[in-house]
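Per-entry structural report
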Amino acid sequence: MYHEHVHQVFQYVDRRLGRRWAEEVTAQTFAVAWQRRRDFDPDRGSPSAWLYGIAANLIRHHGRAETRQLRAFAASGADPTSVMDDAGRVADQLDAANEWPSVAAALADLRLEEREIITLYCWEGLSYQEIAQALDLPVGTVRSRLSRARARLSAAVGHCSDSEGA
Amino acid sequence: MDELELLKEFRATRPGLDGRTEERIRQRVFLAIEATVDKAVDEVTVAATDLPEAVRADGGPSEYAVPVLLAPPRRRRWQRWLVAAVSLLLLAFGSVIARRGGNTSTASSTPSSSPASIEQVATAAASAPDRPLQPGQYAFVRVVEGQLEEPQSRPPTVTEYDVELWLDDDNAGVESRQQRGSSSAPTSWRTIPVGRGGFGTSTYQRLRELPADHNLIGERLLRDASIAADEANQVPGLIERALPWPSLPPAARRAAIEVLAARGRQVGMVTDHSGRDGLGIAVATPDATQTVFVLEPATGALLGTFSVPEGAALDRHHAVRWYTVKEAGIRDRLPT
């Protein structure tokens, strides 16, 4: 399970919190998974959804740090979670776009539970059912929170775009 | 580019997990396991001896596990006789009990063709006998949760789960969930994490303490589910989970129905997803759907709900999500 899923868990944590925390939280995720291995029930969903749920739970402990990073990104235009890749480039800056600070601001303004649902859906490609299983929520709650997160994100990004264009 | 595409691009380009970092992660995992293994073994050994067979068969306790469902040892000797007696009684008098409104079992309820108002249904709910658990008893609900996985796909994929939950008066519970059509192993049981999950937000004590005032019950449901008080649009979903319980106090049931009536509109007699007729209350939900609550007019029992996209006919055939109560009741023993 470790070899099969460590890359995707790391990637998810890295996107949420950056490299600074990704290594530690990924390790914690698998340590917790080992401790709770008897809780995993394949009837209830996939191992990856289960691991995402554990990771999301751990990321909640860093919710304020995540919000601070997003707000810093929104204010400065530079992603504080970026790291230099092997080619010596700031990886996140390669595709930098004018919208990124406004996206960061919108993400920062989301409630933590909305942020974790929209990132699992959008970045990790989990279905409603998988998110419900990962976060132990009713599917209806996942739908409603995702809907609300999308609406807030759309409004914030649209508002910023309008302002820039004015 | 819509907001999801924009978000998808945001932080899309990140350096992958390199070999050195992966090795460090692996070392940290091993160290963490090594540090906890002795303690974990002790805890599992102790807890497993306390677990009922239904739970123990699933492999043991959870960190979040509530106090487990423990049948008093003295009951075990005559448990089978009791079950047999109760089963016979239920078989013999089941229909009579149901007609009196004393059993919220919906599997055998006869659809009512007579028109009813929300007020009448709420009154009927309030008039039903209160059914608190007696020592050693367990409340249970059996429901079907279904949805179109991705409504825009053709043909749409339907996912349905048979869900069963049991609670005792000590706020413990077990849940079983089985995907329909799955060829996987038979349903396993797990202890319910308190305050988490669809059913997990309900405990017996919380159900019993729900207010009889429709101005207060929504706030209490949100608090019990650890949802912020300003997320009032989550209340109908929580009512959906509370109404099937036979031990929900009649006054609280009435209050919950009144909340639905205040937030939605009566849509007359409708048919739930399994084909049973009841009084419909349509409530707008935040994910651009309308959820229709189908209530048995004679008792106020929830037959089920179904959600349709905004603008679609309030018809079960347009449902993108459904929640059907198959059975609910009180028993003197846990399932095996």
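Treat the numbers as computed from the prediction; the structure is a model and nothing was measured.

The rules we used
- Residues numbered from 1 in each chain as written.
- Chains lettered and ligands numbered in written order.
- Predicted model: local features only at pLDDT ≥ 70, side-chain atom pairs only at ≥ 80, totals over all residues.
- Heavy atoms only, no water.
- pLDDT = per-residue confidence, 0-100.
- Helix = DSSP H or I, 4+ residues; strand = E, 2+ residues; numbered from the N terminus.
- Contact = heavy atoms within 4.5 Å.
- Salt bridge = Lys/Arg side-chain N within 4 Å of Asp/Glu carboxyl O.
- Buried < 20%, exposed > 50% of the residue type's maximum accessible area, 1.4 Å probe, protein only.
- Axes fitted to C-alpha atoms, helices over the stretch in contact; angles between N-to-C directions.
- Parallel < 35°, antiparallel > 145°, perpendicular 65-115°, else oblique.
- Left-handed = near helix turned anticlockwise from the far one by under 90°.
- Nonpolar A, V, L, I, M, F, W, Y, C, P; charged D, E, K, R; others polar.
- Core = buried A, V, L, I, M, F, W, Y, C linked by side-chain atoms within 4.5 Å.
- Pairing = 2+ DSSP bridges.
- Polar contact = N/O pair within 3.5 Å; in protein donor to acceptor, adjacent residues only side chain to side chain.
- Phe/Tyr/Trp six-rings, centres within 6.5 Å; stacked < 30°, edge-to-face > 60°.
- Lys NZ or Arg CZ within 6 Å of the ring centre and 35° of its normal.

**As for the confidence of the model for chain A**
All names here are of chain A. In the predicted model, chain A carries a mean pLDDT of 79, and 85% of its residues have values of at least 70. Of all the helices and strands in chain A, helix 8 (residues 139-165) carries the lowest mean pLDDT, 73, while helix 6 (residues 112-122) carries the highest, 91. With pLDDT under 50 throughout, residues 84-96 is counted as low confidence; its partners more than four residues away or in other chains account for 22 contacts. Ignoring residues within four places in sequence, the model shows residues 159-166, a span with pLDDT below 50, making 2 contacts including any to other chains.

**Things to note about the pattern of salt bridges**
Opposite charge on two side chains permits pairing when their charged atoms draw close. All names here are of chain B. Scanning all chains against the criterion turns up 19 salt bridges over all chains. Across the pair R208 and D130 runs a salt bridge whose closest N-O atoms are separated by 2.8 Å. One end of the pair, R208, is in helix 7 (residues 204-208); the other, D130, is in the loop between helix 6 (118-127) and strand 1 (138-148), with 78 residues separating them in the sequence. Taking the relative accessible area as the measure of exposure, R208 reaches 22% and is therefore partly exposed. Among the residues examined, D130 registers a relative accessible area of 38% and is labelled partly exposed.

**Thoughts on the packing of helix 2 (residues 19-35) of chain A against helix 3 (residues 47-60) of chain A**
Axis angle and axis distance: for two packed helices, these are the angle between their axes and the distance between the axes, and together they describe the pair. Residues and elements named next belong to chain A. It is the contact of helix 2 with helix 3, at a shortest axis distance of 9 Å, that shows an interaxial angle of 125 degrees. By the angle between their directions, the pair helix 2 and helix 3 is classed as oblique. Where helix 2 crosses over helix 3, the two elements pack in a sense that is right-handed. Listed contacts from helix 3 to V25, Q28, T29, F30, V32 and A33 of helix 2 are W50, L51, I54, A55, L58 and I59. Its residues placed into classes, the contact of helix 2 with helix 3 shows 10 nonpolar, 2 polar and no charged.

**Overview of the nonpolar core**
Membership of the largest hydrophobic core comes to 61 residues, with the highest contact counts inside it found for L107(A), I118(A), L7(B) and F10(B). Apart from residues lying up to four places away in sequence, L107(A) is in contact with L70(A), R115(A), I118(A), W123(A), L153(A), L7(B) and F10(B). Within the second largest apolar cluster, 44 residues are counted, among which are I239(B), A252(B), I257(B) and V325(B).

**As for unusual backbone geometry**
Residues and elements named next belong to chain A. For D136, which is not glycine, the phi dihedral falls at a positive 60 degrees. One can find D136 in the loop between helix 7 (128-135) and helix 8. For D136, a relative accessible area of 9% corresponds to the buried category.

**Quick look at the pairing of strand 7 (residues 289-295) of chain B**
Residues in a regular strand point their side chains to alternate faces of the sheet. Residue and element names in this part refer to chain B. With 7 of 7 residues buried, strand 7 lies mostly within the body of the structure. Neither face of strand 7 is left uncovered, since the one carrying T289, T291, F293 and L295 and the one carrying Q290, V292 and V294 both have all their residues buried. Where strand 6 (residues 277-285) meets strand 7, 7 bridges bridge the pair, whose relative direction is antiparallel. Pairing of T285 across the sheet is with T289, part of strand 7. With antiparallel pairing between neighbouring strands as the criterion, strand 7 and strand 8 (residues 302-309) make up a hairpin whose turn holds 6 residues, including G300 at a positive phi of roughly 80 degrees.

**Side note on the environment of R15(A)**
Inspection of the secondary structure assignment puts R15(A) in helix 1 (residues 2-17). Considering only alpha carbons, one finds R15(A) and T81(A), 66 residues apart in sequence, at a separation of 8.3 Å. Setting aside residues up to four positions removed in sequence, R15(A) forms contacts with W123(A), E124(A), R11(B), A12(B) and R14(B). Only 3.1 Å separates the side chain of R15(A) from the backbone oxygen of W123(A), close enough to count as a polar contact. Separated by 3.4 Å, the side chains of R15(A) and E124(A) make a polar contact.

**Digging into the confidence of the model for chain B**
The predicted coordinates ought not to be read in detail in places where the model reports low pLDDT. All names here are of chain B. Of the residues in chain B, 65% have a pLDDT of 70 or more, and the chain-wide mean is 72. By mean pLDDT, the top-scoring element of chain B is helix 10 (residues 250-263) (96), and the lowest-scoring one is helix 3 (residues 53-56) (33). For the stretch residues 38-114, pLDDT sits under 50, and the model shows 105 contacts to residues farther than four places along the chain or on other chains. In the predicted structure, residues 193-200 sits below a pLDDT of 50 and forms 31 contacts with residues beyond four places in sequence or in another chain. Overall fold confidence (pTM) sits at 0.50, and the ipTM for the predicted complex is 0.79.

**A short note on helix 7 of chain A**
Residues and elements named next belong to chain A. Counted residue by residue, helix 7 has 7 buried out of 8 residues, so it is predominantly covered. Those residues of helix 7 that fall on the buried side of the exposure criterion are Y128, Q129, I131, A132, Q133, A134 and L135. After helix 7 finishes, the residue D136 shows a positive phi value of roughly 60 degrees.

**Let's talk about the packing of aromatic side chains**
With the rule as written, the count across this model stands at 8 aromatic pairs over all chains. On the numbers, 5.7 Å between centres and 75 degrees between planes, the contact of W100(A) with F10(B) is edge-to-face. Linking W100(A) in helix 5 (residues 100-109) with F10(B) in the loop between helix 1 (3-9) and helix 2 (19-50), this pair reaches from one chain into another. Here W100(A) and F10(B) have matching classes, each one buried. Aromatic side chains F140(B) and W166(B) sit 4.8 Å apart centroid to centroid with 25 degrees between the ring planes, which places their arrangement in the stacked category. One end of the pair, F140(B), is in strand 1; the other, W166(B), is in strand 2 (residues 158-168), with 26 residues separating them in the sequence. Exposure remark for F140(B): the relative accessible area of 0% places this residue in the buried category. Its guanidinium or amino end placed over the ring of W34(A), R37(A) lies 4.1 Å from that ring's centre, counting from NZ or CZ.

**Comments concerning the pairing of strand 5 (residues 265-271) of chain B**
The pairing of strand 5 of chain B with strand 6 of chain B spans 6 bridges and is classified as antiparallel. If you follow Q266(B) over to strand 6 of chain B, its bridge partner there is I281(B).

**Observations regarding the side chain of Q69(A)**
Residue and element names in this part refer to chain A. Counting through the fold element by element, Q69 comes out in helix 4 (residues 63-76). Note on Q69: relative accessible area 14%, which makes it buried. A polar contact is formed between the side chain of Q69 and the backbone oxygen of L17, at a distance of 3.3 Å. Those residues in contact with Q69, other than ones at most four positions away along the chain, are R16, L17, W21, P80 and T81.

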